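Secondary and tertiary structure notes
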Amino acid sequence: MRILTTRGDTICFPEPLTRARIIRHPNRFIIDADIGGSETACHCPTTGRIGNLLLDGLDCLLSRSENPARKTPYTVEAVSVDAPGTARPAWIGINQSAANRYVEQALVHHLLPKIVTAHSVLRERTLGRSRLDFLVDDDTYVEVKTPLDNLQVALGDHVRTRPRPPLASTDRLVKHIGELGRSLQAHQRAVLVVCFLYDNPGFEVRPSSHHDQVQASVAQAVRGGVEIWQVNFRLDAAGVHVAHHSDLTSQFLV
């Protein structure tokens, strides 16, 4: 996706997203979509699980690539579990790398005032052995996580699902939250932003195969001063809005 702009409280896409319908998801990188009656291979921006959804038949939103040489001219930005053809569906963003760009815009344009009023925002700052997402005002590290494995949305009878094995990939979370905790030795604040690209009603932790280790690491970091915040973004074809942001820190003390 090209450069984002922000007007008022809306993070605007450079051009409106295209609505389409998913035909199939043949592999981790490709989603075949029906765009106005034409089948087109589109880039799938997340290679992990999207809840326990089978995407076939669901409506989606696509961004168009400005690179004419790219084999997939579109990227799937969001899907909807509402009935296909719903006039104003709720969208679930699936582009986890785009989430960082939304958070950056929200920080720069003061759309997350409960977390911080930023005067400067620097991307990808090294801390210990980790590269964290943002350094705000030279004293606040911000790391963004965008979980898609556990979607907290109601599913109608038209949505097909598959069995969901326990989540096993937690190493990066443990590493990054540990580095965030250690950053407080020299910096005033450290914030883990749990970012949802839909209006999640309230963050719930789904136990992983390493649940006890992750829980202990998170609790240790929180006791050391790390803050954990939930940020919900609401997407439509025109842009992104901050729907909600709230402090979850106390939920992770054990």
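The structure we're discussing is the one just above.
Residues numbered from 1 in each chain as written. Predicted model: local features only at pLDDT ≥ 70, side-chain atom pairs only at ≥ 80, totals over all residues. Heavy atoms only, no water.

What follows concerns the overall build of the protein. Of the regular secondary structure elements, the protein holds three helices and 14 strands. For a compact globule of 254 residues, the expected C-alpha radius of gyration is about 18 Å, and the protein comes in at 19 Å, within 12% of that figure. By principal-axis analysis of the C-alpha atoms, the protein measures approximately 60 × 40 × 30 Å. At a minimum sequence separation of 6, the contacts of the protein that also span at least 24 residues come to 63%. Here the protein has roughly 12600 Å² of accessible surface; of this, 49% comes from carbon and sulfur atoms. Between the averaged position of the 28 positive side-chain charges in the protein and that of its 27 negative side-chain charges there is a distance of 4 Å. (Helix = DSSP H or I, 4+ residues; strand = E, 2+ residues; numbered from the N terminus. Rg over C-alpha atoms; globule rule 2.2 N^0.38 Å. Contact = heavy atoms within 4.5 Å. Areas by Shrake-Rupley, 256 points an atom, 1.4 Å probe, with all protein chains shown as cover. Lys, Arg positive; Asp, Glu negative; His and termini not counted. Charge placed at Lys NZ, Arg CZ, Asp CG, Glu CD.)

Spatially, the eight strands line up as an open sheet ordered β1-β2-β14-β13-β12-β11-β10-β9, and their pairing is mixed. Each having just a single partner strand, β1 (5-7) and β9 (121-127) make up the two edges of the open sheet. Sheet twist, expressed as the average angle between the axes of neighbouring strands with direction ignored, equals 35 degrees. One ladder, built from seven bridges, connects strand β13 (residues 227-235) with strand β14 (residues 239-247); its direction is antiparallel. Paired with Phe-233 across the strands is Val-242, a residue of β14. (Pairing = 2+ DSSP bridges. Axes fitted to C-alpha atoms, helices over the stretch in contact; angles between N-to-C directions.)

The next point concerns the side chain of Thr-72. Mapped onto the elements of the fold, Thr-72 is located in the loop between β6 (59-64) and β7 (74-79). Not counting residues up to four positions away in its chain, the partners in contact with Thr-72 are Ile-30, Ala-41, Cys-42, His-43 and Ser-65.

A few words on helix α1 (residues 96-108). Residues spaced three or four apart along an α-helix face the same direction, because each turn holds 3.6 residues. An ideal rise of 1.5 Å per residue puts 18 Å on 13 residues; α1 measures up with 19 Å between its terminal C-alpha atoms. By the burial criterion, the buried members of α1 are Ala-98, Ala-99, Tyr-102, Val-103, Glu-104, Gln-105, Ala-106 and Leu-107. (Expected span 1.5 Å × (residues − 1). Buried < 20%, exposed > 50% of the residue type's maximum accessible area, 1.4 Å probe, protein only.)

Here the focus is the environment of Gly-224. The residue Gly-224 is located in the loop between α3 (211-223) and β13 in this model. Residue classification places Gly-224 among the partly exposed residues on the basis of a relative accessible area of 46%. The spatial distance from the C-alpha of Gly-224 to the C-alpha of Gly-178 is 9.8 Å, given a sequence separation of 46 residues.

So, on to the side chain of Thr-140. With respect to the helices, strands and loops of the structure, Thr-140 is situated in strand β11 (residues 140-145). Among the polar contacts made by the side chain of Thr-140, one reaches the side chain of Asp-139 at a distance of 3.0 Å. (Polar contact = N/O pair within 3.5 Å; in protein donor to acceptor, adjacent residues only side chain to side chain.)

For the rest of this paragraph, the subject is the state of the cysteines. Inspection of the entire model under this criterion finds zero disulfides. Lacking any disulfide linkage, Cys-12 is separated from the closest cysteine sulfur, that of Cys-195, by 17 Å. The closest cysteine sulfur to the non-disulfide-bonded Cys-42 is located on Cys-60, 6.5 Å from its own sulfur. (Disulfide = S-S within 2.5 Å.)

What tends to happen in soluble globular proteins is that the nonpolar side chains get buried as a cluster. By size, the foremost hydrophobic cluster in this structure holds 44 residues, and its most contacted members are Leu-53, Leu-55, Cys-60, Leu-62, Val-76, Val-79 and Ile-228. Of all the secondary-structure elements, those providing two or more residues to this core are β3 (18-27), β4 (30-35), β6, β7, β10 (130-136), α2 (171-183), β12 (189-196) and α3. Look past the residues within four positions of Leu-62 in its chain and what remains in contact with it is Leu-17, Thr-18, Ala-20, Ile-35, Cys-42, Tyr-74, Thr-75, Val-76 and Glu-77. Counting 32 residues, the second-largest nonpolar core is a separate cluster that includes Val-103, Leu-107, Leu-111 and Val-142. (Core = buried A, V, L, I, M, F, W, Y, C linked by side-chain atoms within 4.5 Å.)

For the coordinates displayed, the defined rule picks out eleven salt bridges. Across the pair Asp-59 and Arg-21 runs a salt bridge whose closest N-O atoms are separated by 2.8 Å. Here the residue Asp-59 occupies a position in strand β6, and Arg-21 occupies one in strand β3, the gap between them amounting to 38 residues. Residue Asp-59 is classed as buried on the basis of its relative accessible area of 3%. Look at Arg-21 and you get partly exposed, because its relative accessible area is 35%. Notably, a salt bridge pairs Glu-39 with Arg-24, separated by 2.6 Å at the nearest N-O pair. Of this pair, Glu-39 sits in strand β5 (residues 38-43) while Arg-24 is found in strand β3, placing the two residues 15 residues apart along the sequence. Arg-24 gets classed as partly exposed once you look at its relative accessible area, which sits at 34%. (Salt bridge = Lys/Arg side-chain N within 4 Å of Asp/Glu carboxyl O.)

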